Every structure is written in C-alpha cells, then in structure tokens.
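# A closer look at the structure
These are the residues of each chain, in order.
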Amino acid sequence: MSGQRVGIVGSERVTEAIEAAGGEPVDDDRAFDTVAFVVAETESAITDLARDGLDAPILAVEVEGIPSVPIDRLEASIERIRHGSVPTMRHPVVTAAGSFDPIGAVFDVALMTAEPARISEFSVHCAGEEISRFRADGVVASTPAGIVGYNRNAGGPTVALGTGVASIVPIAPFATAAGDWVL
C-alpha cells in the first residue's frame, strides 16, 4: 500500500493513521474517484459521501449503527487492508421523493407534515411498485444502519445489518391499521 491514495473525511488523527500505515491521505472529495477507499470518521461524513454517489468502499471510524473501527485500531485496520483482501459489506440506501428533489439516506430519513396537526398522504414504493398509501403526520424510512434512531422511537421493526432491507413506519398514522413494512 505504500503510497496508495486513501480518501479522508475526518480529523488529523485519521490522517496520521493513514500516513503511519504507508498511505497517501487525500482530503479533497473531488479526487475521491482516484482513491482505493475512503476513511470516514462521522455519521454525517458517511451520509454526505452517499449523497455524493461515492463508489469507493468506506472504512467507518467510530460510527454507531454500522460496523466500524475504533480510532485506536485504525492504523492496524489499514494495515490489514494493505496485506490482503478484506471483506466489504453493501448497505442499502433509502430514497425519499415528493415535491422536492429525491433524497438518499444511508441511515434514515423522516418526512413530516409542513404544519403541526395537519395530516398528509404518503406512499411507499419498492422496485417501482406501490406497496401502500396512508395518511399520517409523517413517515420514517430506515436502513439497518439507521434503525437505532427515529425508527425505533416510532415503533418500527428492527432489521439486521447485511440483510439489504429497509424499515418503513408511519408517524402518528390516521388509521389504526396503517402498518409498517420491511422492504
């Protein structure tokens, strides 16, 4: 890996770990299409990378909800990558769309009514097919990485990492049998 370009979205300590492992840190996200992988230190960094459509693997550092490495083991993890094939895991991305540009989310996305106490109509689609339509105060869609957030508080199902599914749950549905979905 000597001189291998590694993208970085994080602090100086991440840069130091990459350099100590023999890598060349690249902190300009416009050059991430030329890196072997990207080290991301925060949930928001991973979210931004996914929104930007990054195609390179991401090594997460101390991020809740997904497999990640502690900062004190980052250099050793980069060394493991350097010495062989390390398995990767694909995570699903949920997309919310409406009267706005589509939003992709690695963790979760919540849509709420524009005004308090105003019920809106939402629909759930999977692979281009409408699954359900319901009225509620909002809806939250979560990947397995995001189920620890609003999904759990809204009573949504827990889904395991690596399953490639998403959890959809209405927020304060108008009907008592609105349901929730694993897609």
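Described in the following lines is the structure provided in the data block. It should be emphasised that the depicted structure is a prediction, and the values quoted were computed from it without experimental measurement.

Further remarks concern the pattern of salt bridges. Going through the model one piece at a time under the given rule, you end up with 5 salt bridges. Where Arg13 meets Glu41, a salt bridge forms, and the shortest distance between an N and an O atom there is 2.9 Å. With Arg13 in helix 1 (residues 12-20) and Glu41 in the loop between strand 3 (37-40) and helix 2 (43-51), this residue pair connects regions lying 28 residues apart in the sequence. The closest approach of N and O atoms between Arg30 and Asp28, which form a salt bridge, is 3.0 Å.

The next thing to look at is the side chain of Thr15. Following the sequence through the fold, Thr15 ends up in helix 1. Relative accessible area serves as the criterion here: at 17%, Thr15 is assigned to the buried category. Setting aside residues no more than four positions away along its own chain, Thr15 makes contact with Ile8 and Pro25.

Further remarks concern the environment of Ala76. Within the secondary structure, Ala76 sits in helix 3 (residues 74-82). On the accessibility criterion, Ala76 (38% relative accessible area) is partly exposed. Placed 44 residues apart in sequence, Ala76 and Phe32 show a C-alpha to C-alpha distance of 22 Å.

With that settled, consider the sheet that holds strand 4 (residues 58-60). Pairing within the open sheet is parallel, and its 4 strands lie in the order 2-1-3-4. With partners counted over all chains shown, the strands left at the sheet margins are strand 2 (24-26) and strand 4, one partner each. Between one strand axis and the next, the sheet turns by 30 degrees as a mean value, whatever way the strands run. Here strand 1 (residues 5-9) pairs with strand 2 via 3 bridges, running parallel.

This next bit is on helix 2. When we look at burial in helix 2, the residues that qualify are Ala45, Ile46, Thr47 and Leu49. Tucked inside the fold, the buried residues of helix 2 contact strand 1, strand 3 and strand 4. In the stretch just after helix 2, Gly53 is the one whose phi turns positive, near 80 degrees.

The biggest cluster of nonpolar side chains holds 16 residues, and the ones touching the most others in it are Phe32, Val35, Ile46, Val63, Ile66 and Phe107. Of all the elements in the fold, those that place two or more residues in this core are strand 3 and helix 2. The dominant element in this core, judged by the number of residues it contributes, is helix 2, at 3 residues. Every residue in contact with Phe32, bar those within four places of it in the chain, is listed here: Gly7, Ile8, Val9, Val26, Asp27, Val38, Leu49 and Leu54. Counting residues in each nonpolar core, the second largest holds 14 residues, with Val14, Ala17, Phe37 and Ile78 among its members.

Now for the environment of Gly7. Topologically, Gly7 is positioned in strand 1. Here Gly7 falls in the buried class, since its relative accessible area comes to 0%. Along the sequence, Gly7 and Pro173 sit 166 residues apart, while their C-alpha atoms lie 43 Å from each other. Dropping the residues within four chain positions of it, Gly7 is found in contact with Ile18, Val26, Phe32, Val35, Phe37, Val38 and Val39.

Of the strand pairs in this sheet, strand 8 (residues 120-126) and strand 9 (residues 129-142) are connected by 7 bridges, and their pairing is antiparallel. Residue pairing across strands places His125 opposite Glu130, the latter belonging to strand 9. Connecting strand 8 to the next strand, strand 9, in antiparallel fashion are 2 residues, including Ala127 with a positive phi near 55 degrees.

What counts, and at which threshold
Residues numbered from 1 in each chain as written. Predicted model: local features only at pLDDT ≥ 70, side-chain atom pairs only at ≥ 80, totals over all residues. Heavy atoms only, no water. Salt bridge = Lys/Arg side-chain N within 4 Å of Asp/Glu carboxyl O. Helix = DSSP H or I, 4+ residues; strand = E, 2+ residues; numbered from the N terminus. Buried < 20%, exposed > 50% of the residue type's maximum accessible area, 1.4 Å probe, protein only. Contact = heavy atoms within 4.5 Å. Pairing = 2+ DSSP bridges. Axes fitted to C-alpha atoms, helices over the stretch in contact; angles between N-to-C directions. Core = buried A, V, L, I, M, F, W, Y, C linked by side-chain atoms within 4.5 Å.

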